[in-house]
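Each chain is listed here by its residues.
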Amino acid sequence: MTKHIYCDVVIAGCGAAGLYTALNLPKDLHVLMICKEDMDTCDSMLAQGGICVLRGEDDYESYFEDTMRAGHYENRKESVDLMIRTSPGIIRHLLELGVGFDKNPDGSLKYTKEGAHSRPRICFHEDITGKAITTVLQEQTAALPNVNIMEYTVMTDILTANGACAGILARTGDGSTLSIHARDTVMATGGIGGLYQHSTNFPCLTGDALTVARKHGVKLEHLDYVQIHPTSLYTEKPGRSFLISESARGEGAVLLNGKGERFVNELLPRDAVSQAIEAEMEKEGSRHVWLSFAPMPRETIREHFPHIYETCLEEGYDITREPIPVVPAQHYFMGGVWVDLDSRTTMEHLYAVGETSCNGVHGKNRLASNSLLESLVFAGKAAKRIENSQKGRINYESNYHAACC
């Protein structure tokens, strides 16, 4: 038996992009969010390095060029411009919501630098920036009376009417089927890391939105643009690979081969560093290379990278005393469901945000710490577009309360 639920907006995915969409929707809209696992099992929680921000008008050209160069100039320029211009407002909003970015003694934001950035412009909280942001977004969203959240509920298809999206079909943890009718639908189901043997992503991220979009002829773009992160902790254990943040190299950590020699500029774009590591491994016949924190003060390690330090210690490596074995792993998906500047897909009333979408910001290769920013910027754009489109909408309120609340 299928249960029917009615709401104004349904969002498939409870990561940073889905949450920020919900937070920015008008409070008179009834919103239903679903997530495949529990709320914490989303890749937004795993982001370590930080979130980029334009530091001033004198930073615009270099930030724009850094993003374009990393993306091999295949980025959509208008999307890059929108992301960069919107970034200061995003950071201000996150601070207002209560995100605890690291600060200097005078109260100003601290900034760090990562590969392919020409200057420090990355806000962070230790080495768990994604968790710091996503946790606050979860708390803020959960407090909204107009938002309901269903965990362990997976999108299996979308509903359509007259060629437009009319909601989604979903399956609950107990195997029940839901038919969720909504004026607007947002797909925020994350990336594709679960399809890979070695990935820094959660295994549940299996490109669900791509499957659904393809079935209905919704435009997809650049499905071959998959980013490999240069440094995940090498282990023989199965499961998700533990990421060693690129900001570690931004703060001075160096890559070494088996002879203890540096073999690459650690601050090149991720694809170039990954290729250099793969070449060195093939040359040496090894399964990994080494990352040394020796150039970095111990105080910086303990303050900026406490969770990396603790995790490596659990694996038997003290990064304050010895290098750690690292290997490239699948990390991010630059392609996805094609969207415009308002995060609209090619199907009316269907939106895609976060890693699920392809708005062209990243081009062929993502610049470090642009992912959280891009997700929030375009989630906000989706929310604004939905708000404008739902003025004078059909009122789903009575059905929503009867079937959902």
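Rules of the game
- Residues numbered from 1 in each chain as written.
- Predicted model: local features only at pLDDT ≥ 70, side-chain atom pairs only at ≥ 80, totals over all residues.
- Heavy atoms only, no water.
- Buried < 20%, exposed > 50% of the residue type's maximum accessible area, 1.4 Å probe, protein only.
- Helix = DSSP H or I, 4+ residues; strand = E, 2+ residues; numbered from the N terminus.
- Contact = heavy atoms within 4.5 Å.
- 1 Å grid on protein atoms, 1.4 Å probe; cavity = no way out; pocket = protein on both sides within 12 Å on 5 of 7 lines; lining within 4 Å.
- Points joined across faces, edges and corners; volume = space filled by probe spheres on them.
- Nonpolar A, V, L, I, M, F, W, Y, C, P; charged D, E, K, R; others polar.
- Salt bridge = Lys/Arg side-chain N within 4 Å of Asp/Glu carboxyl O.
- UniProt positions renumbered as here; feature names shortened; annotations may be inferred.
- Axes fitted to C-alpha atoms, helices over the stretch in contact; angles between N-to-C directions.
- Parallel < 35°, antiparallel > 145°, perpendicular 65-115°, else oblique.

*Asks:* Lay out helix H2 (residues 60-70) with the relevant residues and their values.
*Replies:* Buried within H2 we find Tyr-60, Tyr-63, Phe-64, Asp-66, Thr-67, Met-68 and Ala-70. Those residues of H2 hidden inside the fold are in contact with strand E3 (51-52), helix H3 (77-97) and helix H10 (371-389). Of the residues one or two after H2, His-72 is the one with positive phi, at around 60°.

*Asks:* Tell me about empty space enclosed by the protein, and please be specific about residues and values.
*Replies:* Where empty space is left becomes clear once a probe the size of a water molecule has been rolled over the atoms. This structure, assessed with the given rule, holds two cavities of 30 Å³ or more. There is about 40 Å³ of room inside the second largest cavity. Every residue lining the second largest cavity is listed: Thr-189, Gly-190, Gly-191, Ile-192, Gly-207, Asp-208, Ala-209, Leu-210, Phe-333, Glu-355 and Thr-356. Sorting elements by how many residues they give to the lining of the second largest cavity places helix H5 (residues 208-215) first, with three residues. Looking at side-chain class alone, the lining of the second largest cavity contains four nonpolar, five polar and two charged residues.

*Asks:* Go over the pattern of salt bridges with me, naming the residues and quoting the values.
*Replies:* This structure, assessed with the given rule, holds 20 salt bridges. As a salt-bridge pair, Lys-237 and Glu-315 come within 3.3 Å of each other at their nearest N and O atoms. Taken together, the residues Lys-237 in the loop between strand E10 (226-233) and helix H6 (246-250) and Glu-315 in the loop between helix H9 (306-314) and strand E13 (324-333) connect sequence positions 78 residues apart. A residue is classified by how much of its surface remains accessible, and Lys-237, at 52% relative accessible area, is exposed. Residue classification places Glu-315 among the partly exposed residues on the basis of a relative accessible area of 32%. Between Glu-246 and Arg-270 there is a salt bridge, with its nearest N and O atoms 2.4 Å apart. Linking Glu-246 in helix H6 with Arg-270 in helix H7 (residues 270-284), this pair joins segments that are 24 residues apart in sequence.

*Asks:* Can you break down the UniProt feature "domain: FAD-dependent oxidoreductase 2 FAD-binding" (unreviewed entry) in the protein residue by residue, with the values?
*Replies:* Taken from the UniProt record, the annotation "domain: FAD-dependent oxidoreductase 2 FAD-binding" (unreviewed entry) applies to residues 8-372. With 28% helix and 22% strand, residues 8-372 has end C-alpha atoms that lie 26 Å from one another.

*Asks:* Which residues make up the side chain of Ser-375, and what values do they have?
*Replies:* Tracing the sequence through the fold places Ser-375 in helix H10. For Ser-375, a relative accessible area of 10% puts it in the buried group. The residues contacting Ser-375, other than those within four sequence positions of it, are Ala-17, Gly-354 and Glu-355.

*Asks:* Describe the packing of H3 against H10, naming the residues involved and giving the relevant values.
*Replies:* Relative to each other, H3 and H10 sit at 90°, their axes nearing to 9 Å. On the basis of the axis angle, H3 is roughly perpendicular to H10. Facing H3, whose interface residues are Ser-79, Leu-82, Met-83, Thr-86, Ser-87, Ile-90 and Leu-94, H10 presents Leu-373, Glu-374, Leu-376, Val-377, Phe-378 and Lys-381. Looking at side-chain class alone, the contact of H3 with H10 contains eight nonpolar, three polar and two charged residues.

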